[in-house]
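Listed here are the chains, written in short residue letters.
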Amino acid sequence: MKYLIGALAGLVWGCIGAVVNFSITKKALKKGSSAALLSSNILRVIVDIILLAVIVLLRKSLPFSYEIALVGTVSALSLANIFFAFRNASEKD
């Protein structure tokens, strides 16, 4: 049961991070400059590192498997970013 809860917590945490990443990218695309896109990519990497670091730093106090939470977070970040990229591309058409 602790693995299932860890996976669900990781998925939720990763989706929150993906929404933050998407909002950063959307603001950079509205600006349209290459400097804004470069800075948005750096900010997205920082957000990803912070998301994973929070889980690792809190691993002793988490009531579920932090390893599975890390896998869930990475999976949610990847899948949600792909979804948002397709959604953003379809809005431009």
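Presented here is a report on the structure given in the accompanying data block. Computed from a prediction, not measured in an experiment: that's the story for all the values here. (Residues numbered from 1 in each chain as written. Predicted model: local features only at pLDDT ≥ 70, side-chain atom pairs only at ≥ 80, totals over all residues. Heavy atoms only, no water.)

## With respect to the overall build of the chain
Moving on, step 1. The helix and strand inventory of the chain stands at three helices and zero strands.
Moving on, step 2. Written out in order from the N terminus, the α and β elements of the chain read α-α-α.
Moving on, step 3. Overall size of the chain, expressed as C-alpha extent along the three principal axes, is 45 × 25 × 10 Å.
Moving on, step 4. Out of the 93 residues belonging to the chain, those deemed buried represent 29%.
Moving on, step 5. A fraction of 71% describes how many contacts in the chain between residues 6 or more apart in sequence connect residues 24 or more apart.
Moving on, step 6. Accessible area of the chain: about 6,200 Å², with a carbon and sulfur share of 73%.
Moving on, step 7. Within the chain, the 4 negative side-chain charges are centred at a point lying 7 Å from the centre of the 10 positive side-chain charges. (Helix = DSSP H or I, 4+ residues; strand = E, 2+ residues; numbered from the N terminus. Buried < 20%, exposed > 50% of the residue type's maximum accessible area, 1.4 Å probe, protein only. Contact = heavy atoms within 4.5 Å. Areas by Shrake-Rupley, 256 points an atom, 1.4 Å probe, with all protein chains shown as cover. Lys, Arg positive; Asp, Glu negative; His and termini not counted. Charge placed at Lys NZ, Arg CZ, Asp CG, Glu CD.)

## A short note on helix 2 (residues 34-57)
Moving on, step 1. Its 24 residues place the ends of helix 2 34 Å apart at the C-alpha level, agreeing with the 34 Å of an ideal helix rising 1.5 Å per residue.
Moving on, step 2. Of all the positions in helix 2, only A36, S40, V47, L51 and I55 are classed as buried. (Expected span 1.5 Å × (residues − 1).)

## Remarks on the packing of helix 1 (residues 2-31) against helix 2
Moving on, step 1. Two elements in contact, helix 1 and helix 2, have axes separated by 9 Å at closest approach and are oriented at 170 degrees. Between helix 1 and helix 2, the interaxial angle falls into the category roughly antiparallel. Every residue of helix 2 that contacts helix 1 at W13, G17, V20, N21, I24, T25, A28, L29 and K31 is listed here: A36, L37, S40, L43, R44, V47, D48, L51, V54 and I55.
Moving on, step 2. Considering only residue class, the contact of helix 1 with helix 2 consists of twelve nonpolar, four polar and three charged. (Axes fitted to C-alpha atoms, helices over the stretch in contact; angles between N-to-C directions. Parallel < 35°, antiparallel > 145°, perpendicular 65-115°, else oblique. Nonpolar A, V, L, I, M, F, W, Y, C, P; charged D, E, K, R; others polar.)

## Looking at the environment of I82
Moving on, step 1. Checked against the element boundaries, I82 lands in helix 3 (residues 66-92).
Moving on, step 2. Overall, I82 belongs to the partly exposed group, its relative accessible area being 46%.
Moving on, step 3. I82 sits 55 residues away from K27 along the chain, and the two C-alpha atoms are 17 Å apart.

## Looking at the packing of aromatic side chains
Moving on, step 1. With the rule as written, the count across this model stands at two aromatic pairs.
Moving on, step 2. The interplanar angle of 55 degrees and the centroid separation of 5.5 Å between the aromatic rings of F83 and F84 together place this pair among those described as tilted.
Moving on, step 3. Aromatic ring contacts, followed pair by pair, group F22, F83 and F84 into a single cluster.
Moving on, step 4. Its guanidinium or amino end placed over the ring of Y66, R59 lies 6.0 Å from that ring's centre, counting from NZ or CZ. (Phe/Tyr/Trp six-rings, centres within 6.5 Å; stacked < 30°, edge-to-face > 60°. Lys NZ or Arg CZ within 6 Å of the ring centre and 35° of its normal.)

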